[in-house]
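Residue strings, one per chain:
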Amino acid sequence: MSNSPLKIGVAGLGTVGAGVVKLLSQQANLVSLRSGRDIVITAVSAREPNKDRGIDLTGINWCHNPLELATKKNVDVVVELIGGEDGIAKELVETAIADGKHVVTANKALIAHHGTQLARSAEAANVAIAFEAAVAGGVPIVKALREGLVGNKVSRIFGILNGTCNYILSEMRQTGKEFDVVLKEAQDLGYAEANPTFDIDGVDTAHKLSILTSLAFGSEVNFKAVHIEGISQISPLDIEFADDLGYRIKLLGISRQTGTGIEQRVHPCMVPIDSPIAHIEGVFNAVVAEGDFVGTSMYEGRGAGEGPTASAVVADIIDIARDRILNTFTIPAKELQKSKIVPISDHIGSYYVRFMMLLYL
Ligand code: HSE
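**What about the site of the ligand?**
- Close to the ligand lie K108, N162, G163, T164, Y191, A192, E193, D199, D204, K208, G303 and A304.
- The separation between an oxygen atom of the ligand and a polar side-chain atom of K108 is 2.6 Å.
- In this structure, an oxygen atom belonging to the ligand sits 2.8 Å away from a main-chain N or O atom of G163.
- Protein chains bury 92% of the 250 Å² of accessible surface belonging to the ligand in isolation.
- Here the ligand is seated within the largest pocket.
- Listed by contribution, the elements that provide at least two residues to the shell around the ligand are α7 (163-175) and α10 (203-217).

Shown next as structure tokens:
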């Protein structure tokens, strides 16, 4: 392992990017001790150079074009925090890999749409593409599946993967506030996506679920196979009825290996009040994995926001500093299989149906 400092280029200085800069500066000694070498940010790129982000960028190279980071001599790891499934984020990651640089990203849309190909390119180039921050924020679920549970055959994985939706559903139930008011709060707290319809329509959860599916089942990432419903149809009345019936409404992402293929679905679920997942409230996420030897295990923590997401990004950077570069999706990327898709129409389950009836006397 090299003792020389690991040089980082950060693209994107929004909530998460600023959090990464803060963490690496405030915990520099701890990070250095644990990594066995210093980790230094040598270059950054963002839209507005003069914006006050509450971080000190003295001595750090400012790149007006993020693509410069991908080929810069004084950058070993590109941290992509721009977001978006295509465009500049994809170009940056592809160019960095082609230049032999490691990549750390929080970009779930990018990995959900192009994860298989990017993993194949990275593994062929002998570099890492790491995305702990892309799924469930500060919850180390990628590490759990890739390392702690690696000896298990996973039969099912499910969870609350979107902090914004969970925050909205929890606040609506606890305070009786309107949907729009609570969504605005989630945006102000830095939880929601730039385009919050991705949160409330279930797309963000589906991005994360498709990544977990690949990690758990060794299949190619297949976002298009996910059946998606969001929470915008849920009214305070449904939340109240669910409570009366002994349930909480949660937006779940569920992925299951069946006898015929892999089922992936995202939709609001009524979960029994006495189940552990019913008590995951606010911005917290939780993921439940069922393995053949380990049984059921659950992982919980903050799924969005500056600190938790920065914590996940830095964990990936430290792995690279320690030369711990594992298969991106647990098995070698070239071995990932196309899985047979089990459509939602094959799903047998219980449904909640509410009728509004007019009574004429
Ligand atoms: N908008 C996402 C969420 C951010 O609310 O969970 C973290 O991925």
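**Considering empty space enclosed by the protein**
- Under the defined criterion, the tally for this structure stands at two cavities of 30 Å³ or more.
- Taken as a whole, the largest cavity spans an internal volume of roughly 70 Å³.
- Looking at the largest cavity, the residues that line it are L169, S170, R173, I239, Y247, R248, I249, K250 and E281.
- Where the lining of the largest cavity is concerned, the elements lending two or more residues are α7 and β9 (247-257).
- Ranked by residue count, the leading element in the lining of the largest cavity is β9, at four residues.
- When grouped by side-chain class, the residues that make up the lining of the largest cavity number four nonpolar, one polar and four charged.
- Size it by volume and the second largest cavity reaches roughly 40 Å³.
- As for the second largest cavity, its lining consists of I160, L161, N162, C165, N166, L169, T205, K250 and L251.

**Section: the nonpolar core**
- Within the largest apolar cluster, 71 residues are counted, with the highest numbers of intra-cluster contacts made by I141, L145, L212, I231 and F329.
- Sorting elements by how many residues they give to this core places α10 first, with eight residues.
- Grouped together as the second largest cluster of nonpolar side chains are 33 residues, V21, A310, A312 and I317 included.

**What to know about the domain arrangement of the protein**
- The domain boundaries assigned to the protein delineate domain 1 (6-137 + 307-330) and domain 2 (142-304 + 338-346).
- Taken over C-alpha atoms, the centre of domain 1 sits 26 Å from the centre of domain 2.
- Contact with domain 1, which involves 23 residues of that partner, is made by 24 residues of domain 2.
- Both faces combined, the contact of domain 1 with domain 2 buries some 2,100 Å², and carbon together with sulfur accounts for 59% of it.
- Counting every contact that joins domain 1 to domain 2 gives five salt bridges.
- In this structure, the salt-bridge partner of D319 is K143, at a minimum N-O distance of 2.7 Å.
- Linking domain 1 with domain 2 are eleven residue pairs in polar contact (both at pLDDT 80 or more), by the criterion used here.
- The set of elements that each furnish at least two residues to the side of domain 1 that touches domain 2 consists of α5 (108-124) and α12 (306-321).
- When grouped by side-chain class, the residues that make up the side of domain 1 that touches domain 2 number ten nonpolar, eight polar and five charged.

**Considerations on the sheet that holds strand β3 (residues 61-62)**
- Spatial strand order, β3-β2-β1-β4-β5-β6: six strands in an open sheet with parallel pairing. Since the sheet does not close on itself, it has two edges, and those belong to β3 and β6 (129-130), each with one partner.
- Two elements, strand β1 (residues 6-11) and strand β4 (residues 77-80), share four bridges in a ladder whose sense is parallel. Directly across from V10, in β4, lies its bridge partner V79.
- Where helix α4 (residues 87-98) meets the sheet, it contacts β1, β4, β5 (102-105) and β6, and its direction lies at approximately 165° from that of β4.
- Across the sheet, α12 touches β1, β2 (39-45), β4, β5 and β6, and the angle it forms with β5 is around 165°.

**Some details on the environment of L251**
- Looking at the element boundaries, L251 is found in strand β9.
- Classification of L251 as buried rests on a relative accessible area of 4%.
- A C-alpha to C-alpha distance of 29 Å links L251 and I331, two positions 80 residues apart in sequence.
- With near-sequence residues (within four places) excluded, L251 lies in contact with G159, I160, C165, L169, G202, T205, E229, G230, I231, V266, H267 and P268.

**Section: the pattern of salt bridges**
- A full pass over the atoms with the stated rule returns 23 salt bridges.
- Here K7 ties to D76 by a salt bridge, and the two come within 3.6 Å at their closest N and O atoms. Of this pair, K7 sits in strand β1 while D76 sits in the loop between α3 (67-71) and β4, placing them 69 residues apart in sequence.
- According to the relative accessible area criterion, K7 is partly exposed, its value standing at 26%.
- The exposure class of D76 is partly exposed, given its relative accessible area of 22%.
- E290 is the salt-bridge partner of R156, the closest N and O atoms lying 3.0 Å from each other. Residue R156 is found in strand β7 (residues 154-160), and its partner E290 is found in strand β11 (residues 284-291); the two are separated by 134 residues along the sequence.
- Using a relative accessible area of 28% as the deciding quantity, one classes R156 as partly exposed.
- Residues joined in a network through salt bridges with shared partners are K108, E193, D204 and K208.

Calculation criteria
Residues numbered from 1 in each chain as written. Predicted model: local features only at pLDDT ≥ 70, side-chain atom pairs only at ≥ 80, totals over all residues. Heavy atoms only, no water. Near = heavy atom within 4 Å. Polar contact = N/O pair within 3.5 Å; in protein donor to acceptor, adjacent residues only side chain to side chain. Areas by Shrake-Rupley, 256 points an atom, 1.4 Å probe, with all protein chains shown as cover. 1 Å grid on protein atoms, 1.4 Å probe; cavity = no way out; pocket = protein on both sides within 12 Å on 5 of 7 lines; lining within 4 Å. Sits in = over half its atoms within 2 Å of the grid points. Helix = DSSP H or I, 4+ residues; strand = E, 2+ residues; numbered from the N terminus. Points joined across faces, edges and corners; volume = space filled by probe spheres on them. Nonpolar A, V, L, I, M, F, W, Y, C, P; charged D, E, K, R; others polar. Core = buried A, V, L, I, M, F, W, Y, C linked by side-chain atoms within 4.5 Å. Buried < 20%, exposed > 50% of the residue type's maximum accessible area, 1.4 Å probe, protein only. Domains from an automatic or database assignment. Contact = heavy atoms within 4.5 Å. Buried area = accessible area lost by both parts, 1.4 Å probe. Salt bridge = Lys/Arg side-chain N within 4 Å of Asp/Glu carboxyl O. Pairing = 2+ DSSP bridges. Axes fitted to C-alpha atoms, helices over the stretch in contact; angles between N-to-C directions.

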